[in-house]
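# Understanding the architecture of this molecule
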Amino acid sequence: MTILVFGKTGQVARELARFSEVKCLGREDADLTAPESCSSAIHAHLPTAVINAAAYTAVDNAEEEEALATLINADAPAVMARACAALDIPFVQISTDYVFDGSGTTPWQPDHATGPLGAYGRSKLKGEENVHLAAGKHAILRTSWVVSAHGNNFVKTMLRLGADRDTLNVVADQIGGPTMARDIAAACVKIAQDLRGDPEKSGIYHFSGAPDCSWADFARAIFDQSGLSCAVNDIPSSDYPTPAARPFNSRMDCTSTAATFGIDRPDWNSSLTEILAELGALK
Ligand SMILES: NC(=O)C1=CN([C@@H]2O[C@H](COP(=O)(O)OP(=O)(O)OC[C@H]3O[C@@H](n4cnc5c(N)ncnc54)[C@H](OP(=O)(O)O)[C@@H]3O)[C@@H](O)[C@H]2O)C=CC1
Ligand SMILES: Cc1cn([C@H]2C[C@H](O)[C@@H](COP(=O)(O)OP(=O)(O)O[C@H]3O[C@@H](C)C(=O)[C@@H](O)[C@H]3O)O2)c(=O)[nH]c1=O
Ligand SMILES: [Mg+2]
């Protein structure tokens, strides 16, 4: 099996690169702002499956650059999905909890109504719709709060801020599941393999770390495990204004992912230990 991955430097792409059957393409190989280059790359490599781990992920900047975010997050995946459908190979598209409006406290199921609050979520939702319309063997894997030892993420931000501060204000009314990029990469590979033989498994799936927690809870765990002495004050989102609104309820029901692919929700506390160890930041 040869899996072609769009993305090379990103959090999930770097973890996918660790698989021997994976070939990662960077921006220099296929630029998602020129979607046809993605189709050319798929036809040139003739892989047995494709995973898209490239995206426009700057949630606040997307409010000012929605056209660019849409080109990368919706138009490019459409071209990839059509190329895969033409070759009859599985396509795995990674999506996000930000396609939901964050209302209520019930965990979102894959078929629940979406309602993105901002430009990033809208662009990712259009990407989902385009992949579905291509009508090939596909999976849309919605995940949340991605963390790893690489790139930009909340763990690295907290380690940086916590080193200089005695206290930090962190939002406590957004609840979700922190998810390790390494676990997402493994899930994508397993799903791509299963879809080859079982195209009827095509659809939308949820995958996030457990248990659900607030960003403030997660920050406390980061300081606890790293031994940094920084107290976390719980604040409401209204006290942390950002250009893009974030959903309050990012809880995702991952039952169908476990039932269909045998992939369970990973425990984020042990993922965090693994990341801190990799960064040399464990207490
Ligand atoms: N980060 C998160 O918290 C979450 C992410 N997701 C989704 O998971 C997936 C992976 O996210 P993550 O690994 O965190 O992303 P990162 O932000 O870490 O990486 C994004 C990747 O996309 C590439 N990329 C961006 N623009 C282009 C372009 N025009 N052409 C080619 N490549 C491009 C980047 O390359 P370069 O380095 O050259 O810019 C980089 O490799 C995405 O689909 C994202 O929407 C879902 C939920 C949460
Ligand atoms: C740095 C900092 C952040 N926060 C808040 C802001 C925000 O609500 C929350 C997390 O901050 P981030 O900047 O990591 O959030 P954000 O970039 O919105 O993270 C999202 O990225 C996209 C790509 C996704 O798909 C989502 O699943 C989610 O992971 O923490 C504080 O409350 N205090 C702080 O000191
Ligand atoms: Mg971010």
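Conventions we followed
- Residues numbered from 1 in each chain as written.
- Chains lettered and ligands numbered in written order.
- Predicted model: local features only at pLDDT ≥ 70, side-chain atom pairs only at ≥ 80, totals over all residues.
- UniProt positions renumbered as here; feature names shortened; annotations may be inferred.
- Helix = DSSP H or I, 4+ residues; strand = E, 2+ residues; numbered from the N terminus.
- Rg over C-alpha atoms; globule rule 2.2 N^0.38 Å.
- Contact = placed C-beta atoms within 7 Å.
- Core = buried A, V, L, I, M, F, W, Y, C linked by C-beta atoms within 7 Å.
- Buried ≥ 20, exposed ≤ 12 C-beta atoms within 10 Å, placed from the backbone.
- Near = placed C-beta within 6 Å.
- Pairing = 2+ DSSP bridges.
- Axes fitted to C-alpha atoms, helices over the stretch in contact; angles between N-to-C directions.
- Nonpolar A, V, L, I, M, F, W, Y, C, P; charged D, E, K, R; others polar.
- Expected span 1.5 Å × (residues − 1).
- Bend = angle between axes of the 7 residues up to and from the residue.
- Left-handed = near helix turned anticlockwise from the far one by under 90°.

The name given to the protein in an unreviewed UniProt entry is dTDP-4-dehydrorhamnose reductase, with Sulfitobacter noctilucicola as the source organism. Turning to the protein, the UniProt record has this under Pathway (unreviewed entry): "Carbohydrate biosynthesis; dTDP-L-rhamnose biosynthesis." A UniProt comment under Function (unreviewed entry) is attached to the protein, and it reads "Catalyzes the reduction of dTDP-6-deoxy-L-lyxo-4-hexulose to yield dTDP-L-rhamnose."

## Some words on the overall build of the protein
Along the backbone of the protein there are nine helices and twelve strands. Computed over its C-alpha atoms, the radius of gyration of the protein comes to 18 Å, within 12% of the 19 Å expected for a compact globule of 283 residues. A sequence separation of at least 24 residues applies to 81% of the contacts in the protein between residues at least 6 apart.

## Structural notes on the nonpolar core
Residues Val5, Leu16, Ile51, Met80, Leu141 and Cys188 are the most contacted members of the largest nonpolar core, which totals 81 residues. The biggest single contributor to this core is helix α6 (residues 181-197), with nine residues. If near-sequence neighbours (up to four positions away) are discounted, Cys188 is found in contact with Leu16, Ile51, Val92, Ile94 and Leu141.

## Some thoughts on the site of ligand 1
For ligand 1, the set of nearby residues contains 27 residues, the closest of which are Gly10, Gln11, Ala54, Ala55 and Val146. At the level of elements, α1 (11-16) and β4 (91-96) are the ones that each hand at least two residues to the shell around ligand 1. Ranked by residues supplied to the shell around ligand 1, first place goes to α1 with three residues.

## Some points on the sheet that holds strand β5 (residues 138-143)
An order of β2-β1-β3-β4-β5-β10 is seen for the six strands of this open sheet, with the pairing classed as parallel. Both outer strands of the open sheet, β2 (22-25) and β10 (203-206), are each paired with one neighbouring strand and no more. The mean inter-strand angle of the sheet, taken between neighbouring strand axes irrespective of direction, is 20°. Taken together, the four bridges between β5 and β10 define a ladder with parallel strand orientation. Of the residues in β10, the one forming a bridge with Arg142 is His206. α6 rests against β1 (3-6), β3 (49-52), β4 and β5 of the sheet, and its axis sits at about 160° to β5.

## Considerations on the UniProt feature "domain: RmlD-like substrate binding" (unreviewed entry) in the protein
Residues given the UniProt feature "domain: RmlD-like substrate binding" (unreviewed entry) here are residues 1-279. What you have in residues 1-279 is 40% helix and 16% strand, and the ends, taken at the C-alpha atoms, are 32 Å apart.

## A look at the site of ligand 2
By nearness alone, 19 residues border ligand 2, and Thr57, Val59, Thr96, Val170 and Val171 come closest of all. Broken down by class, the residue content of the shell around ligand 2 amounts to eleven nonpolar, six polar and two charged.

## Looking at helix α3 (residues 66-87)
For α3, spanning 22 residues, the distance from its first C-alpha to its last is 31 Å, which sits close to the expected 32 Å at 1.5 Å a residue. In α3, a bend of some 30° at Ile72 exceeds every other bend along the element. Just past α3, the residue Asp88 takes up positive phi, approximately 60°.

## Thoughts on the packing of helix α5 (residues 154-164) against helix α7 (residues 215-226)
Two elements in contact, α5 and α7, have axes separated by 10 Å at closest approach and are oriented at 65°. Where α5 crosses over α7, the two elements pack in a sense that is right-handed. Two secondary-structure elements touch here, α5 through Phe154, Val155, Met158, Leu159 and Gly162 and α7 through Trp215, Phe218, Ala219, Ile222, Phe223 and Ser226. Class assignment of the residues belonging to the contact of α5 with α7 gives a composition of nine nonpolar, two polar and no charged.

## Quick look at unusual backbone geometry
Following Ala210, the chain continues into Pro211 via a peptide bond in cis, with omega recorded as -5°. In this model, Asp88 sits at a positive phi of 60°, which is unusual for a non-glycine residue. If you trace the backbone, Asp88 turns up in the loop between α3 and β4. By C-beta crowding, Asp88 is classed as exposed, having 10 other C-beta atoms within 10 Å. Despite not being glycine, Trp145 shows a phi value in the positive range, around 50°. Mapping Trp145 onto the fold places it in the loop between β5 and β6 (146-147). Given 22 C-beta atoms within 10 Å, Trp145 falls into the buried group.

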